[in-house]
Amino acid sequence: MQITILKSKIHRATVNEARLDYVGSISIDEELLKASGMFEYEKVQVVNVNNGARFKTYTIATKEKGMICLNGAAARQVQVGDKIIIMAYANLEEKELSKHKPKVVFVDENNAITKISHYEKHGELF
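Residues numbered from 1 in each chain as written. Predicted model: local features only at pLDDT ≥ 70, side-chain atom pairs only at ≥ 80, totals over all residues. Heavy atoms only, no water.

Caption draft 1: Region of interest: the side chain of Asn-111. Mapping Asn-111 onto the fold places it in the loop between strand 8 (103–107) and strand 9 (113–118). At a separation of 3.3 Å, a polar atom in the side chain of Asn-111 contacts the side chain of Asn-16. Among the polar contacts listed, one links the side chain of Asn-111 to the backbone oxygen of Gly-66, at a separation of 2.8 Å. (Helix = DSSP H or I, 4+ residues; strand = E, 2+ residues; numbered from the N terminus. Polar contact = N/O pair within 3.5 Å; in protein donor to acceptor, adjacent residues only side chain to side chain.)

What follows is the structure in structure tokens.
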């Protein structure tokens, strides 16, 4: 059996642009993509911290430093300046779960990397 689990995330990135008249996707600074372990064209979930919107799209790498731009219909879910969390998931076998630690990339207000870490086990939930 495979379980879908958090692979990596970019935490509290700032939206620089929102382009409604574009095919779709989220443009992300290629350095952030690489640091997070996400791939270009990978499906991601985006959570808007400011308004609670949650949606799925795919990534496009951009060479523009610090760029986070929502394109197409996803542009309607954000405002420039909003904080978002970008998450990618992986399907793992049950036996792989105990060794997996999701990668987290923390950024500042300009989307420059401030810290890269891995989630550790959170202890008992119940």
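Still more to cover.
Caption draft 2: Structural view of the nonpolar core. In terms of nonpolar packing, the biggest core is built from 21 residues, with Ile-10, Ile-26, Ile-28, Ile-68, Leu-70, Ile-84 and Ile-86 touching the most fellow members. Of all elements in the fold, only strand 1 (2–14), strand 3 (25–29), helix 1 (30–36), strand 4 (43–48), strand 6 (68–71), strand 7 (83–93) and strand 8 reach the threshold of two or more residues within this core. Here Ile-86 is in contact with Ser-8, Lys-9, Ile-10, Ile-26, Ile-28, Met-38, Val-44, Gln-45 and Ile-68, once residues within four sequence places are set aside. (Core = buried A, V, L, I, M, F, W, Y, C linked by side-chain atoms within 4.5 Å. Buried < 20%, exposed > 50% of the residue type's maximum accessible area, 1.4 Å probe, protein only. Contact = heavy atoms within 4.5 Å.)

Caption draft 3: Here's a closer look at the sheet that holds strand 8. Strands sit in the order 2-6-3-5-4-7-1-8-9 across an open sheet of nine strands; the sheet is mixed. Edge positions in the sheet fall to strand 2 (17–19) and strand 9, since each of these pairs with one other strand and no more. Shown here is a sheet whose adjacent strand axes are inclined to one another by a mean of 30°, direction ignored. (Pairing = 2+ DSSP bridges. Axes fitted to C-alpha atoms, helices over the stretch in contact; angles between N-to-C directions.)

Caption draft 4: Structural view of the pairing of strand 4. Along strand 4, five of the six residues are buried, which leaves the element largely enclosed by surrounding structure. Note: strand 4 against strand 5 (residues 54–62), five bridges, orientation antiparallel. Bridge pairing in strand 5 places Gln-45 opposite Lys-56. In textbook terms, the turn of a hairpin is the stretch between consecutive antiparallel strands, and for strand 4 and strand 5 this stretch comprises five residues, one of which, Gly-52, has a positive phi near 85°. Relative to strand 7, strand 4 runs antiparallel, the two sharing four bridges. Counterpart to Val-47 in the pairing with strand 7 is Ile-85.

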